[in-house]
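Descriptive structure summary
So the chains spell out like this:
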Amino acid sequence: MIVVMRVDCSQQEIDAILERLRERGLAGHLSPGVERTVIGVVGHTYPELKDMLELLPGVEEVVPISKPYKLSSREFRRENTTIQVGNVTIGNGDLVVIAGPCAVETEEQVLATARAVKAAGACMLRGGAYKPSTSPYQFRGLGEDGLKILETARYETGLPIITEVMAPADVELVCRYADVLQVGARNMQNFMLLDEVGKARKPAMLKRGFANTIQEWLLSAEYILSQGNHQLMLCERGIRTFETFTRNTMDVSAIPLVKRLSHLPVLGDPSHGTGKWYLVAPLAAAAVAAGADGIMVEVHPNPDIALKDGAQSLTFENFQRLVAQVNAVAAATGRKLAIPV
Ligand code: PEP
Ligand code: MN
């Protein structure tokens, strides 16, 4: 249920609604919009509540929501959410390009990649220090040493850092180094982790689980939002289908669909979405054409010897070409790169 306040409502009227909800054992989540404030009612609502709330001063209308996700829905917030990370704004229409290695391996590898992707037009550096691996025998990341390398790369290049956090107990530590917390596909329904990321006051990116529906994805977003972290973006990274040529099937349709259902920024990850380096640029272009707020791409100085995801990692040269391509697609749809090259 959503309470839409009148344009000229007062703060006391808003406070009175929140107080009334509290009395009934419900929570009210405020979304102050440009024009008007709306209050998302979270908890077990019932039909009479609508009539009762509509009687209160300052209320324009009360809209019952049948969807199980509320705070992430367009009904709750009509305008697009924008997220500020350093001097980068995500969700304002400009195209954000995030790039970097799958895993942090060495300082030289990360610094070289950071400099190359920055020169090519990326505005944020990615790199995993905690790597979710299907097999325990694969490289699992350098942990805090990896975070320190990312910190050095930020210092050297000025690029903000996005990196994955896998365990609830690590959220505080990763927050000390990261500009954006990444929740990976395998942890999309790690509800304890989602709660902790929701308590953090740090932008976060929630990747879609490879076997999860869009509704489940939005409900996971709801966990983070309902803990008070509203700086949330989503990332489509491919889902598992019967096709075996590709690592995953990049669900490009999810991008405009989720942007219709939700106000949260949506990015596309064509690296995990395809698993093949030569499919990354075409699917990046498709994601941008479909309206993605940004793309996240894996880049490595020498993909042949990458400790993780070499087959889907781009060389510096190929990444430069990709940026030129997505730039052209963005321009064709009246958009531009967040950081022009
Ligand atoms: C990653 O971004 O490196 C990653 C592990 O992605 P996903 O969680 O989408 O598999
Ligand atoms: Mn990877």
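To start, this report covers the structure provided alongside it.

Reading guide: rules and limits
- Residues numbered from 1 in each chain as written.
- Chains lettered and ligands numbered in written order.
- Predicted model: local features only at pLDDT ≥ 70, side-chain atom pairs only at ≥ 80, totals over all residues.
- Heavy atoms only, no water.
- Pairing = 2+ DSSP bridges.
- Helix = DSSP H or I, 4+ residues; strand = E, 2+ residues; numbered from the N terminus.
- Axes fitted to C-alpha atoms, helices over the stretch in contact; angles between N-to-C directions.
- Contact = heavy atoms within 4.5 Å.
- Salt bridge = Lys/Arg side-chain N within 4 Å of Asp/Glu carboxyl O.
- Buried < 20%, exposed > 50% of the residue type's maximum accessible area, 1.4 Å probe, protein only.
- Near = heavy atom within 4 Å.
- Polar contact = N/O pair within 3.5 Å; in protein donor to acceptor, adjacent residues only side chain to side chain.
- Areas by Shrake-Rupley, 256 points an atom, 1.4 Å probe, with all protein chains shown as cover.
- Nonpolar A, V, L, I, M, F, W, Y, C, P; charged D, E, K, R; others polar.
- Phe/Tyr/Trp six-rings, centres within 6.5 Å; stacked < 30°, edge-to-face > 60°.
- Parallel < 35°, antiparallel > 145°, perpendicular 65-115°, else oblique.
- Left-handed = near helix turned anticlockwise from the far one by under 90°.

**Quick notes on the sheet that holds strand S1 (residues 2-5)**
Sheet strands pair by backbone hydrogen bonding; their relative direction is either parallel or antiparallel. Reading across from one edge, S2-S3-S1-S4 is the order of the four strands in this open sheet, with antiparallel pairing throughout. Because the sheet does not close on itself, it has two edges, and the strands there are strand S2 (27-32) and strand S4 (59-63). Across the sheet, the mean angle separating the axes of adjacent strands is 20° when strand polarity is ignored. Here three bridges tie S1 to strand S3 (residues 37-42), and the two strands are oriented antiparallel to one another. Residue pairing across strands places Ile 2 opposite Gly 40, the latter belonging to S3. Taken strand by strand, helix H1 (residues 11-23) contacts S1, S2, S3 and S4, and its axis lies near 5° from that of S3. With respect to the sheet, helix H2 (residues 47-54) is in contact with S1, S3 and S4, its orientation differing from that of S4 by roughly 170°.

**As for the pattern of salt bridges**
Taken as a whole and assessed by the stated rule, the structure comprises 17 salt bridges. Linking Arg 126 and Glu 298 is a salt bridge whose minimum nitrogen-to-oxygen distance equals 3.4 Å. One end of the pair, Arg 126, is in strand S8 (residues 124-126); the other, Glu 298, is in strand S14 (residues 294-298), with 172 residues separating them in the sequence. A relative accessible area of 3% places Arg 126 in the buried class. The salt bridge partner of Asp 179 is Arg 154, with a shortest N-O separation of 2.7 Å. Placement of the pair is Asp 179 in the loop between helix H5 (171-177) and strand S10 (180-183) and Arg 154 in helix H4 (residues 144-157), with a sequence separation of 25 residues. By relative accessible area, Arg 154 is classed as partly exposed at 22%. Through salt bridges with shared partners, a single network forms among Arg 208, Glu 236 and Asp 251.

**Notes on the site of ligand 1**
Lining the immediate surroundings of ligand 1 are 14 residues, of which Arg 126, Lys 131, Ala 185, Arg 186 and Arg 237 lie closest. Note that an oxygen atom of ligand 1 is positioned 2.6 Å from one of the side-chain N or O atoms of Arg 237. Starting from 300 Å² of accessible surface for ligand 1 in isolation, the protein chains cover 98%. In terms of residue class, the shell around ligand 1 is built from four nonpolar, three polar and seven charged.

**Looking at the packing of aromatic side chains**
Inspection of the entire model under this criterion finds two aromatic pairs. Their ring planes at 25° and their centres at 4.6 Å tell us that Phe 191 and Tyr 223 sit as a pair that is stacked. With Phe 191 in helix H6 (residues 191-199) and Tyr 223 in helix H7 (residues 214-226), the pair connects residues that are 32 residues apart, well separated along the chain. In this structure Phe 191 comes out as partly exposed when scored by relative accessible area, which is 32%.

**Section: the packing of helix H3 (residues 107-120) against helix H11 (residues 316-332)**
Contact geometry for H3 and H11: axes closest at 9 Å, N-to-C directions at 25°. It follows that H3 is roughly parallel to H11 by the angle criterion. The element H3 and its partner H11 pack so that their crossing is right-handed. Seen from H3, the contacting residues are Ala 112, Thr 113, Ala 116, Val 117 and Ala 120; seen from H11, they are Phe 316, Phe 319, Gln 320 and Val 323. Here the contact of H3 with H11 is composed, by residue class, of seven nonpolar, two polar and no charged.

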